[in-house]
Amino acid sequence: MTGPGTALFVMTAIFAIVGAVITVAARRPLRAAMGLLVHIASLAGMFLTLNAHLLAAIQLLVYAGAIVVLFVFVIMLIGPETETGPIEGRLVSRSTAAALTLAVFLVVASSVGSFAAPWVSVEAGFGTVEGLGLAIYRDALVPFELISITLLVAIIGAIAIARSPTE
Amino acid sequence: MGINAYLALASVLFGIGAVGFLTRRNMLIQLMSIELMLNSVNVLLLAFNRAYPGNHDGQVFAFFVIAVAAAEAAVGLAIVIAYYRVRKTIETDKATLLRY
């Protein structure tokens, strides 16, 4: 892929990494939520370079519109107690875990970075509302209905767990 | 920009999310790190589906991953609220009721 796709990919990749680092490194959870918002919005832009137009819209609607707002609601509900101390856990275990995990994933990234599959041209309608909608309702109808049941169970479970025991 | 750039980026994002989940003790930030990891897997699924665009299977799977992530966030945040009501903190180190 050449042209505008490359520029968009580089830009969204930088913003995605910066947002992810803000999310895991921020001391205040509200800042972490804003970092998550940057991360999600830039990933939605990256999905456009992969011909996934409907999923870019769903990413913005579901993640930025619902999940981040839910996080912010919970942060506001709990209040200043969401801020834990400046150093969480033991410094040795923290840095050991971070170094080991980063080493593993840098090795993984450098090894998968040499994998190559040529971009083939996609037919018109790939990833659009029509194309993906037909794929969902034609090939994945039963999983689609099952996911709606899963969401219903999650809603009822969330209400049952979060409800005050005094009521 | 080939598929390898997307694969490398997805592993780096998964690594950042894993580091956040393993090193932070704040339950809310751990949940956000889980979202980071789920998102990196979505990038991977979409990149492979773009490389092999014979059908929409990767995009359908990413759609289901997003739906399950929404359910997981709802239940996880409900657990955070219930835990806060018991312990008055959201540090995972203080979750010791089942320890002894």
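If you're wondering where the values come from, they're calculated on a predicted model, not measured in any experiment. (Residues numbered from 1 in each chain as written. Chains lettered and ligands numbered in written order. Predicted model: local features only at pLDDT ≥ 70, side-chain atom pairs only at ≥ 80, totals over all residues.)

(A) Region of interest: the domain arrangement of chain A. Residues and elements named next belong to chain A. Annotation of chain A at the domain level lists domain 1 (1-82) and domain 2 (124-167). The partner domain 2 presents five residues to the four residues of domain 1 that form the contact. Grouping the amino acids of the side of domain 1 that touches domain 2 by side-chain chemistry returns two nonpolar, two polar and no charged. (Domains from an automatic or database assignment. Contact = placed C-beta atoms within 7 Å. Nonpolar A, V, L, I, M, F, W, Y, C, P; charged D, E, K, R; others polar.)

(B) Representation of the packing of helix α4 (residues 91-112) of chain A against helix α1 (residues 3-23) of chain B in the model. At a closest axis distance of 9 Å, the pairing of α4 of chain A and α1 of chain B adopts a crossing angle of 165°. The orientation of α4 of chain A with respect to α1 of chain B, classified from their angle, is roughly antiparallel. Our pair here, α4 of chain A against α1 of chain B, has a crossing hand that is right-handed. The segment α4 of chain A lies against α1 of chain B, with Arg-94, Ala-97, Ala-98, Thr-101, Leu-102, Phe-105, Val-108, Ala-109 and Val-112 of chain A engaging Asn-4, Leu-7, Ala-8, Ser-11, Val-12, Phe-14, Gly-15, Ala-18, Val-19, Leu-22 and Thr-23 of chain B. Along the lines of polarity and charge, the residues of the contact of α4 of chain A with α1 of chain B split into 14 nonpolar, five polar and one charged. (Axes fitted to C-alpha atoms, helices over the stretch in contact; angles between N-to-C directions. Helix = DSSP H or I, 4+ residues; strand = E, 2+ residues; numbered from the N terminus. Parallel < 35°, antiparallel > 145°, perpendicular 65-115°, else oblique. Left-handed = near helix turned anticlockwise from the far one by under 90°.)

(C) Quick look at unusual backbone geometry. At Asn-51 of chain A, a residue that is not glycine, the phi angle is positive and equals roughly 60°. You can call Asn-51 of chain A buried: it has 21 C-beta atoms within 10 Å. Of note in the backbone geometry, Lys-88 of chain B takes a positive phi value of approximately 60° without being a glycine. Checked against the element boundaries, Lys-88 of chain B lands in the segment after α3 (57-87). (Buried ≥ 20, exposed ≤ 12 C-beta atoms within 10 Å, placed from the backbone.)

(D) Up close: the nonpolar core. Core analysis: the largest hydrophobic core is formed by 66 residues, its most contacted members being Phe-47 of chain A together with Leu-13, Leu-28, Met-32, Val-43 and Leu-46 of chain B. The set of elements that each furnish at least two residues to this core consists of α1 (4-25), α2 (29-49), α3 (53-78) and α6 (141-162) of chain A together with α1, α2 (27-51) and α3 of chain B. Here this core gets 12 residues from one element, more than from any other, and that element is α1 of chain B. Other than its neighbours up to four places away in sequence, Leu-13 of chain B contacts Ala-16, Ile-17 and Ala-20 of chain A together with Leu-36, Asn-39 and Ser-40 of chain B. (Core = buried A, V, L, I, M, F, W, Y, C linked by C-beta atoms within 7 Å.)

(E) Molecular detail of the interface of chain A and chain B. With 74 residues of chain A at the interface, the matching set in chain B holds 63 residues. Elements with a contribution of two residues or more to the side of chain A that touches chain B: α1, α2, α3, α4, α5 (129-139) and α6 of chain A. Sorting elements by how many residues they give to the side of chain A that touches chain B places α3 of chain A first, with 12 residues. Split by residue class, the side of chain A that touches chain B holds 55 nonpolar, 16 polar and three charged.

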